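Spelled out, the chains give:
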Amino acid sequence: HPAYNYPVKYFPWEKMELIEPLLQSAGRCIMSGGGEPLLHPKFLDMIAMVKAAGAQTIFNTNGTLLTKEVAERLVTLQADTISFSVDGATGGTYEKIRIGGKLNIVVKNLKNLIAIKNSEDSDKPYINLQMTLMDENRHEVELMVEKAADWGVRHLVIEPLTPVFS
């Protein structure tokens, strides 16, 4: 989006090390905010640190970078909840909203994660889909419910678009 003109920044690993002792007191860490967490080069290490401290982990992803290897590690680490942002039930709608994204890749990655969970007989990570409702996709709400079920996801959150750009 043209109005989204912010520099790329990663949460510094040094700050994770600094807050590590405090994680013992945390019940849950929401590990998202202002970008795709799987872009962070040490994101899985951050998940491991939080889990080792005994806290739950929750994060949002667009699912594009959720390779088989990343999915296997997330199941091994027992990441608690992953929320996939999927703003269209069809490739045409999804790709109009998520410029550069490919719905078929996201669905393949989502199904891989579910298959890995099942093969490991693991309840974690808990998976939900999050659809941000807007004029461009509201005609696909009913289809999204069907698609979520077809993809093996039993929790769908539909929330209204909240503008963050001027």
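Everything that follows concerns the structure shown earlier in this document.
What this report covers is the structure whose coordinates are included nearby.

What counts, and where the lines are drawn
- Residues numbered from 1 in each chain as written.
- Predicted model: local features only at pLDDT ≥ 70, side-chain atom pairs only at ≥ 80, totals over all residues.
- Heavy atoms only, no water.
- Buried < 20%, exposed > 50% of the residue type's maximum accessible area, 1.4 Å probe, protein only.
- Helix = DSSP H or I, 4+ residues; strand = E, 2+ residues; numbered from the N terminus.
- Right-handed = clockwise from strand over helix to strand, strands pointing away.
- Pairing = 2+ DSSP bridges.
- Axes fitted to C-alpha atoms, helices over the stretch in contact; angles between N-to-C directions.
- Contact = heavy atoms within 4.5 Å.
- Parallel < 35°, antiparallel > 145°, perpendicular 65-115°, else oblique.
- Left-handed = near helix turned anticlockwise from the far one by under 90°.

### Looking at the pairing of strand β2 (residues 56-61)
Of the two faces of β2, only the one carrying Thr 57, Phe 59 and Thr 61 is buried; Gln 56, Ile 58 and Asn 60 on the other face are not. The parallel pair strand β1 (residues 28-30) and β2, bridged by helix α2 (residues 43-52), forms a crossover whose chirality is right-handed. One ladder, built from four bridges, connects β2 with strand β3 (residues 81-85); its direction is parallel. Following the sheet pairing, Asn 60 is matched in β3 by Ser 83. Taken together, β2, helix α3 (residues 68-77) and β3 constitute a β-α-β crossover, and its handedness is right-handed.

### Description of the sheet that holds strand β4 (residues 126-133)
Here five strands make up an open sheet; going across it, the order is β1-β2-β3-β4-β5 and the pairing parallel. Only two strands of the sheet have a single neighbouring strand rather than two, namely β1 and β5 (156-160). Across the sheet, the axes of successive neighbouring strands diverge by a mean angle of 20°, strand direction being ignored. Note: β1 against β2, three bridges, orientation parallel. Among the inter-strand pairings, Cys 29 is bridged to a residue of β2, identified as Thr 57. Packing of α2 onto the sheet brings it into contact with β1 and β2, and relative to β2 it is tilted by some 155°. Relative to β4, helix α6 (residues 141-151) is tilted by about 165°, and along the sheet it contacts β4 and β5.

### Thoughts on the packing of α3 against helix α5 (residues 103-119)
At a minimum axis distance of 9 Å, the contact between α3 and α5 shows a crossing angle of 40°. If you check the angle between α3 and α5, you find them oblique. Judged by the twist between their axes, the crossing of α3 over α5 is right-handed. Counted together, Lys 68, Ala 71, Glu 72 and Val 75 of α3 and Leu 113, Ile 116 and Lys 117 of α5 form the full contact between these two elements.

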